[in-house]
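Below, each chain spelled out in residue letters.
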Amino acid sequence: MRYLVFLIILISIQSCVQLDFKNEYIEVDYYTLNQPDLESVKNIKVDKSLMIRNFTVASEFDTEYLFEKIGEHDIEIYQYHRWLELPAPLFTDYVTKRIVNSETFSSVLQSGSFAIPDLIIEAHILEIGGYQVDKDSYSIVKMNVNVLKNNPKKDVLFSKMYEQIHLRNNNKASSIPEAISIGIAKITDQLILDIQDNIND
């Protein structure tokens, strides 16, 4: 009898613990980047092969969590809103796919390819995220890009800092990736145009 009472109590405790775990569970939302249309660069052709090296990211932005600056000093980290992968591979893959889809270059190679390209892209992401100023919410993408000639000296074709700021539809965390997608798409398209201009100079 004493054993039966103990068993009933143990089962009751387990049920309570399981119930508490269920009540404490919070769903995590994961985000990637969307590809807007390529209207501005769809007719551009550059008869060069291009290698895109893996991007690097400033350490303070090298995180899976979405976050934004609020005012001058506060930072909100959204622990339950995350990138599907870390920013460096996410943005490298995004820019590579967009340049491939543009059909601008004779071929597009990734780091580690044994083929020898004519041009090489190196990019360092300086800032990504959301921010709020007064009642307005924005996204920001800022990155340095070097385009190199693949000769023995690795001469620099050009270097440029790209920045895109976009007004978000609302101040929710879910609006940050959508606005960043627009920003990185515009940067990629402008990069294609800049390569064409510098090749033709």
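Residues numbered from 1 in each chain as written. Predicted model: local features only at pLDDT ≥ 70, side-chain atom pairs only at ≥ 80, totals over all residues. Heavy atoms only, no water.

**Here we look at the pairing of strand E8 (residues 136-149)**
Thought 1: Relative to E8, strand E7 (residues 119-133) runs antiparallel, the two being bridged by 14 bridges. Its bridge partner lying in E8, His 124 is registered against Asn 144.
Thought 2: Once E7 ends, the chain turns through two residues before running back antiparallel as E8, passing Asp 134 with a positive phi of about 55°.
Thought 3: Inspection of the sheet shows E8 paired to strand E9 (residues 156-167) by eleven bridges, in the antiparallel sense. Counted as the bridge partner of Asn 146 is Ser 159 from E9.
Thought 4: Hairpin remark: E8 followed by E9, antiparallel, with six residues in the connecting loop; positive phi at Lys 154, about 50°. (Pairing = 2+ DSSP bridges. Helix = DSSP H or I, 4+ residues; strand = E, 2+ residues; numbered from the N terminus.)

**Examining empty space enclosed by the protein**
Thought 1: Scanning the model with the defined rule gives two cavities of 30 Å³ or more in all.
Thought 2: Estimates place the volume of the largest cavity at around 60 Å³.
Thought 3: Residue lining of the largest cavity: Phe 61, Thr 63, Tyr 65, Leu 66, Phe 67, Trp 83, Ile 128, Gly 129, Ile 176 and Ile 180, and that is the complete set.
Thought 4: Elements with a contribution of two residues or more to the lining of the largest cavity: strand E4 (65-70), E7 and helix H3 (175-200). (1 Å grid on protein atoms, 1.4 Å probe; cavity = no way out; pocket = protein on both sides within 12 Å on 5 of 7 lines; lining within 4 Å. Points joined across faces, edges and corners; volume = space filled by probe spheres on them.)

**Some thoughts on unusual backbone geometry**
Thought 1: Positive phi, close to 55°, is recorded for Glu 103, a residue that is not glycine.
Thought 2: Not every positive phi belongs to a glycine, and Asp 134 is a case in point at roughly 55°.
Thought 3: Here Asp 134 lies in the loop between E7 and E8.
Thought 4: The class for Asp 134 is exposed, based on a relative accessible area of 76%. (Buried < 20%, exposed > 50% of the residue type's maximum accessible area, 1.4 Å probe, protein only.)

**Some words on the packing of aromatic side chains**
Thought 1: In this structure the tally under the stated criterion is three aromatic pairs.
Thought 2: Both rings, one in Phe 61 and one in Phe 67, keep their centres 5.6 Å apart while their planes meet at 15°; by these two values the pair is stacked. The same class applies to Phe 61 and to Phe 67, which are both buried. (Phe/Tyr/Trp six-rings, centres within 6.5 Å; stacked < 30°, edge-to-face > 60°.)

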